[in-house]
Structure formats: C-alpha cells, structure tokens
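What the coordinates show
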Amino acid sequence: MKKILALLMSVGIVGFFVACGDSKTESNNGEKVYTIKFAHVVSAGSPKGKAADLFAKRAEELSNGKIKVEVFPSAQLVDDDKVFQELKRNNIQMAAPSFSKFTPIVKEFNLWDVPFIFRDNEHLHNVMDGEVGQILKDKIAQKGFIALDYWDAGFKQFSTNKNPIILPSDAKGQKIRIMSSKVLEEQMKAIGANPQNINFGEVYSALQTGVVDGAENPLSNLYNSRFYEVQKSVTITNHGYLGYLVVASEKFWNELPDDLKSVVKQALDEATKFEREESARDEAVLLANLQKYAQDNADKLTIYTLDDDQKKQWQEVMVAIYPKFYDLVGEDLIKKTLETK
C-alpha cells in the first residue's frame, strides 16, 4: 500500500485529488474562492437575467477565479417576498428585487411610483445615479443591506377593455389592476378609476373574465404575459416606472476583501450599463411586435400614443396630487427629483 501511495504521489495524482476536494473553498493557487449566489425572479432571457449572467462572467474573469457567481433565475432559489430574510441569513449573497418590494422597509422608495415624475430615460437615470438615488441607497443600507446599482424594467402603459384611456377622464369608473402601493391607489383615485390590488399571476385571468377592466404595465409584462390578447386598447403613456435595485448581503460584503469589493463593483458597473441598454432595445422590439399584432388584428387591439397636449393634461392632474405623497415619500425628495437635470 505504501508503495502504491508513493507511486501516486510521484505522478501528482494525490495532489490532484486533494485539489478537487477543496475546489469549493480554494482556487488553483491556494487562495480562497468567494461564492455569490445571485437570485432573481425573472427569466434568464430577460434584460435582468442576461445582466446577471454577464455580471457572473465578468466577476470571475476580473477576480482571476477568486469570485464565483451562481445565478438562479425564475425564483428557482427564492422569490422576492422572502429575499430579504435570505439575504440577512446570508443564504443568498445578491439579489435584484423590484422597487415595490423595498417599500415596506423604506417608505421613501414609493418615490419610484410617483406618476409623471420622470421626464424620460435620461432624467430617470440621472436621478438614479445622482443625489436622490444615493439618498435612497443609504436608507436601504440603514436596514442592513448593501445597496449597489439600479436596473431598468421600463415605463408603464395603460391597457383596457373599456374606453381607451387617452385622457385622465377616460379612466373614470374603470377597474384598474395595480400593485400594492398607496401612491398607485392615489393615482387611480385622482383619475376616477377604481384601483384593484391583484397578484400578478392572476392578472391575465382577471382581464379575461372582466374582474378588472384594465391594468398598467411595462411593455415587457404586457407583451410577454400576453395581456394584449385580452385587452381592446393599449395607450403608450409612460406615466409610471418599474425598476430594480441590486443588493448584497451585509454579512457577505463585510467578509469580502476590499480588492474583491472593487471587482464586484466594476463587474456590476458593466452589467448595469448592459442591462439598461438591453432593456431599451428590448422595449423597442416589444413595441414593434405589439404594433404588428395590432395591425394584423385591428378588430381586437388598437394602440394609442399621447400627443404633447394630452400628456400635459395628465401631468397637470398628477402633479396636483404630489402633496398627498409628502408624508410618505418626503417633499424634499420629490422636489430634488423634479429639479434633477
């Protein structure tokens, strides 16, 4: 037996077995490997899914293998309702929940739901990457999470089976599905609609059966979930916004060496730039697909786009209710957002 062992050692096979046994904790040069489990709830083919995969690739490359990222899409590991407790426990190290999931722990995150507060994508990103975005990140940090970068989901559009919602008055009496949000409730009440809080997975059926008349969604939800099949009209209003914040486990972050924190930030910077560009490209493709469907099925779906005068009417109605959000979001944050160039 000793002779066999000596022979194995002479050709390096024992060393090979030892290395394999420790592969989860050590790299080839004997340094520790830090594993990041990145969980999200959308498909791997979505802009967010592709960006998470790019982050994983770049983090491993930039760290020379000292960081390994395992991405779990489509809620395979955890859904967003439980993501914060799993981050606290360090069972997952990174996630990218939608903004609405943050509002129970930081009420100021309701800012992102305020209607017509963002002029366009450039203004939105300047808010995210500027003073207001940092203020909100700091508030998340106070709750024990590492707030990293903002990712896009897209601006929201109205759809309905009743009168097309082109002017605010067109929504009067219509039952509109919303996510759970005090800001969205006030928005719907301001235009005379009846807000209905329904889980996303039940929206198609609710639209199809008339439980609700309409909804508000970014094009990604509207098209990929095929809501257009059970709606008579879609209006491109860009009245609200949906997005994500990439966060990390505080316990994991505190254990990560400073040089590897820099690697994570660099990889994430690249992924964020990609995600925003991919989201814009994706939105353009989805709009073209939706327009093609409407063209081929003119008896089933009509698409409307607001002109400048119509958009101004919406803005006047919505800006008038901003004071209702001062206690929830903060007057200063709303004003800083509006004043951002």
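First, a word on what this report is: a plain description of the structure on this page. Bear in mind the structure is a predicted one, so any value in this text is a computation, not a measurement.

In this section: the nonpolar core. Soluble globular proteins tend to pack their nonpolar side chains together in the buried interior. In this structure, Phe109, Trp112, Ile140 and Leu245 are the most contacted members of the largest nonpolar core, which totals 51 residues. Per-element tally for this core: the top contributor is strand β4 (residues 145–160), with 5 residues. What Leu245 contacts, discounting residues up to four positions off in sequence, is Ala95, Ala96, Pro97, Phe99, Phe102, Phe109, Ile140, Ala147, Leu148, Asp149 and Tyr150. Grouped together as the second largest cluster of nonpolar side chains are 30 residues, Ala59, Tyr244, Ala248 and Leu268 included.

Moving on, we get to the side chain of Thr103. Positionally, Thr103 belongs in the loop between β3 (94–95) and α5 (121–128). The exposure class of Thr103 is buried, given its relative accessible area of 16%. A polar contact of 2.7 Å, which involves the side chain of Thr103, links it to the backbone oxygen of Ser100.

Turning our eyes to something else, we now look at empty space enclosed by the protein. Summary: where empty space remains is shown by rolling a probe the size of a single water molecule over the atoms. Within the structure shown, the criterion is met by 1 cavity of 30 Å³ or more. Volume-wise, the largest cavity comes out at about 50 Å³. Taken together, Ser98, Phe99, Ser100, Phe109, Trp112, Asp113, Tyr241, Leu242 and Gly243 make up the lining of the largest cavity. Here the residues of the lining of the largest cavity sort into 5 nonpolar, 3 polar and 1 charged.

Bringing the environment of Met94 into the picture now. Here Met94 is to be found in strand β3. Classification of Met94 as buried rests on a relative accessible area of 1%. For the pair Met94 and Gln266, spaced 172 residues apart in sequence, the C-alpha to C-alpha distance is 15 Å. Setting aside residues no more than four positions away along its own chain, Met94 makes contact with Ile36, Lys37, Phe38, Ala39, Phe55, Leu87, Leu148, Val246, Val247 and Ala248.

The residue Thr235 is located in strand β8 (residues 233–236) in this model. Overall, the relative accessible area of 1% leaves Thr235 in the buried class. Side-chain polar atoms of Thr235 contact the backbone oxygen of Ile165, separated by 2.9 Å. The residues contacting Thr235, other than those within four sequence positions of it, are Gln157, Phe158, Ile165, Ile166, Tyr304 and Leu306.

It is at 9 Å that the axes of helix α6 (residues 131–141) and helix α13 (residues 331–339) come closest, and there the two elements cross at 145°. Together, Glu131, Val132, Ile135 and Leu136 of α6 and Leu333, Lys336 and Thr337 of α13 make up the contact between the two elements. Grouping the constituent residues of the contact of α6 with α13 by class yields 4 nonpolar, 1 polar and 2 charged.

This part is about the pairing of strand β1 (residues 34–39). In terms of strand pairing, β1 meets strand β2 (residues 67–72) through 6 bridges, oriented parallel. Bridge pairing in β2 places Tyr34 opposite Ile67. Note that the unit made of β1, helix α3 (residues 47–62) and β2 has a crossover that is right-handed. Taken together, the 2 bridges between β1 and β3 define a ladder with parallel strand orientation. Looking across to β3, one finds that Phe38 is bridged to Met94.

The rules we used
Residues numbered from 1 in each chain as written. Predicted model: local features only at pLDDT ≥ 70, side-chain atom pairs only at ≥ 80, totals over all residues. Heavy atoms only, no water. Core = buried A, V, L, I, M, F, W, Y, C linked by side-chain atoms within 4.5 Å. Buried < 20%, exposed > 50% of the residue type's maximum accessible area, 1.4 Å probe, protein only. Helix = DSSP H or I, 4+ residues; strand = E, 2+ residues; numbered from the N terminus. Contact = heavy atoms within 4.5 Å. Polar contact = N/O pair within 3.5 Å; in protein donor to acceptor, adjacent residues only side chain to side chain. 1 Å grid on protein atoms, 1.4 Å probe; cavity = no way out; pocket = protein on both sides within 12 Å on 5 of 7 lines; lining within 4 Å. Points joined across faces, edges and corners; volume = space filled by probe spheres on them. Nonpolar A, V, L, I, M, F, W, Y, C, P; charged D, E, K, R; others polar. Axes fitted to C-alpha atoms, helices over the stretch in contact; angles between N-to-C directions. Pairing = 2+ DSSP bridges. Right-handed = clockwise from strand over helix to strand, strands pointing away.

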